[in-house]
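# Fold and geometry: a report
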Amino acid sequence: ELPPSEFMQVADSTWLVLSVVSNGREPSGCQATGVTKIARSVIAPLAEHHVSVLMLSTYQTDFILVRERDLPVVIHTLAGEFDIYREESGECVPVTCDDVSNGFLKPKPPASPTLHPVQSPQTRFCVLTVAPDTLPAIATMLIDVLFYSHSPSWDAATSSQDLDSITFFSFSLIEGYISIVMDAETQKRFPSDLLLTSSTGELWRMVRIGGQPLGFDECGIVAQIAEPLAAADISAYYISTFNFDHALVPEEGIAEVIQLLQQRQDSGR
């Protein structure tokens with residue numbers, strides 16, 4: 001419904017959303033959460049078959065976006081590990097490999113994937129949700145933060161490889177469920193009784209992937225971050241955006257994460 005505009009840039013792809021469900025079983029309290037849970041079973045196999053993905057972690061669950069033209073590859077890649085369904089008129093209909101066209105295989109890329117630099121600002125973040133019926137009570141504050149808060153200039157934010165702080169605010173409304181990521185200072189501006197977080201109230205640190213805008217044609221960006229974290233059983237929320245990717249990890253584990261990713265960088269040289 002948005003009119004064409006010189007101010008709006010649109011990626012040259014239509015994307016479909018994959019939601020991974022573990023047969024209705026809830027993860028145990030000690031199990032890693034976020035993108036870590038699906039790194040080996042979904043993200044890595046798709047990267048091996050040259051499928052570019054966008055990740056969107058929310059307070060409630062994780063979503064993987066794949067380009068519509070890659071759907072045959074995705075189904076053939078994941079059918080051995082998962083039961084796959086598509087949603088039609090609100091109903092889940094089983095999908096088999098026979099439902100998609102042949103000629104789906106893509107050659108693996110001959111060269112190693114690009115190892116993108118990572119930056120870890122000192123900013124501390126919260127992952128939150130809010131009940132939909134209380135959203136009007138914070139709507140004015142949300143609008144102020146989203147559109148009118150002061151933020152550092154682009155040049156200032158990207159001039160240093162080691163950012164002291166980063167401006168990041170994510171709001172998603174998916175099937176009635178609201179998920180918000182904001183820095184701890186911004187959280188203080190909201191009524192504390194309306195924002196809900198985990199019982200531990202943990203804070204998160206961010207790793208931003210990419211020294212310059214990443215684009216959407218390269219595959220394996222999420223995998224090269226998610227796989228080391230999965231191997232170390234470190235929880236992570238992962239949010240792909242138009243320009244950069246962002247992984248949020250528990251604050252107490254940031255030093256280990258930086259060490260793991262540095263080892264990845266060193267081994268790839």
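Overview of the structure. (Residues numbered from 1 in each chain as written. Predicted model: local features only at pLDDT ≥ 70, side-chain atom pairs only at ≥ 80, totals over all residues. Heavy atoms only, no water.)

## Structural notes on the overall build of the protein
- When helices and strands are counted, the protein shows 7 helices and 12 strands.
- Looking at the protein as a whole, 40% of its 269 residues are labelled buried.
- For the protein, restricting intrachain contacts to residue pairs at least 6 apart in sequence, the fraction spanning at least 24 positions comes to 75%.
- In the structure as shown, the protein presents an accessible area of about 15600 Å², 52% of it carried by carbon and sulfur atoms. (Helix = DSSP H or I, 4+ residues; strand = E, 2+ residues; numbered from the N terminus. Buried < 20%, exposed > 50% of the residue type's maximum accessible area, 1.4 Å probe, protein only. Contact = heavy atoms within 4.5 Å. Areas by Shrake-Rupley, 256 points an atom, 1.4 Å probe, with all protein chains shown as cover.)

## A word on the pattern of salt bridges
- Evaluation of the coordinates by the stated rule reveals 5 salt bridges.
- We note a salt bridge from Lys188 to Glu185, for which the minimum N-O separation is 3.0 Å. Here Lys188 matches Glu185 in class, with each residue exposed. (Salt bridge = Lys/Arg side-chain N within 4 Å of Asp/Glu carboxyl O.)

## Some thoughts on a nonpolar patch on the surface
- Together, Ile143, Leu146, Phe147, Tyr148, Phe171 and Leu173 make up an exposed nonpolar region whose accessible area comes to about 660 Å².
- Residue contributions to the nonpolar patch peak at 4 residues, all from helix H3 (residues 135-148).
- Within the secondary structure, Leu173 is located in strand E8 (residues 170-174).
- Leu173 sits in the exposed class, given a relative accessible area of 52%. (Patch = residues over 30% accessible without salt bridge, like charges linked within 9 Å, V, L, I, M, F, W, Y side chains within 5 Å.)

## A closer look at the pairing of strand E7 (residues 124-128)
- Within E7, 4 of the 5 residues are buried, leaving the element largely enclosed by the surrounding structure.
- Two strands pair when backbone bridges link them, and E7 and strand E10 (residues 204-209) are joined in this way by 2 bridges, in the antiparallel orientation. Residue pairing across strands places Arg124 opposite Arg205, the latter belonging to E10.
- Note that E7 and strand E9 (residues 177-183) share 4 bridges and pair antiparallel. Bridge pairing links Phe125 to Asp183 in E9. (Pairing = 2+ DSSP bridges.)

## A look at helix H6 (residues 221-231)
- H6 sits mainly inside the fold: 8 of its 11 residues count as buried.
- Among the residues making up H6, those that are buried are Ile221, Val222, Ala223, Gln224, Ile225, Ala226, Leu229 and Ala230.
- Phi turns positive one or two residues past the end of H6, at Asp233, with a value near 60°.

## Description of the packing of aromatic side chains
- Here the structure, examined in full by the defined rule, presents 2 aromatic pairs.
- Consider the rings of Phe125 and Phe168, whose centres lie 6.1 Å apart with planes at 85°: the pair is edge-to-face. Taken together, the residues span a long stretch of sequence, with Phe125 in strand E7 and Phe168 in the loop between helix H4 (154-158) and E8 at a distance of 43 residues.
- We classify Phe125 as buried; its relative accessible area is 0%.
- In this structure Phe168 comes out as buried when scored by relative accessible area, which is 9%.
- For the ring pair Trp204 and Tyr237, a centre distance of 4.9 Å and an interplane angle of 80° mean the geometry is edge-to-face. (Phe/Tyr/Trp six-rings, centres within 6.5 Å; stacked < 30°, edge-to-face > 60°.)

## As for the packing of helix H1 (residues 39-48) against H6
- Packing of H1 against H6 leaves a shortest axis separation of 10 Å and a crossing angle of 150°. What the angle tells us is that H1 and H6 run roughly antiparallel. Considering the relative orientation of H1 and H6, their crossing is left-handed. Here H1 contributes Ala39, Arg40, Ile43, Ala44 and Ala47 to the contact with H6, which in turn contributes Val222, Ala223, Ala226, Glu227, Ala230 and Ala231.
- Considered class by class, the residues forming the contact of H1 with H6 number 9 nonpolar, no polar and 2 charged. (Axes fitted to C-alpha atoms, helices over the stretch in contact; angles between N-to-C directions. Parallel < 35°, antiparallel > 145°, perpendicular 65-115°, else oblique. Left-handed = near helix turned anticlockwise from the far one by under 90°. Nonpolar A, V, L, I, M, F, W, Y, C, P; charged D, E, K, R; others polar.)

This is a description of form; function is not addressed.
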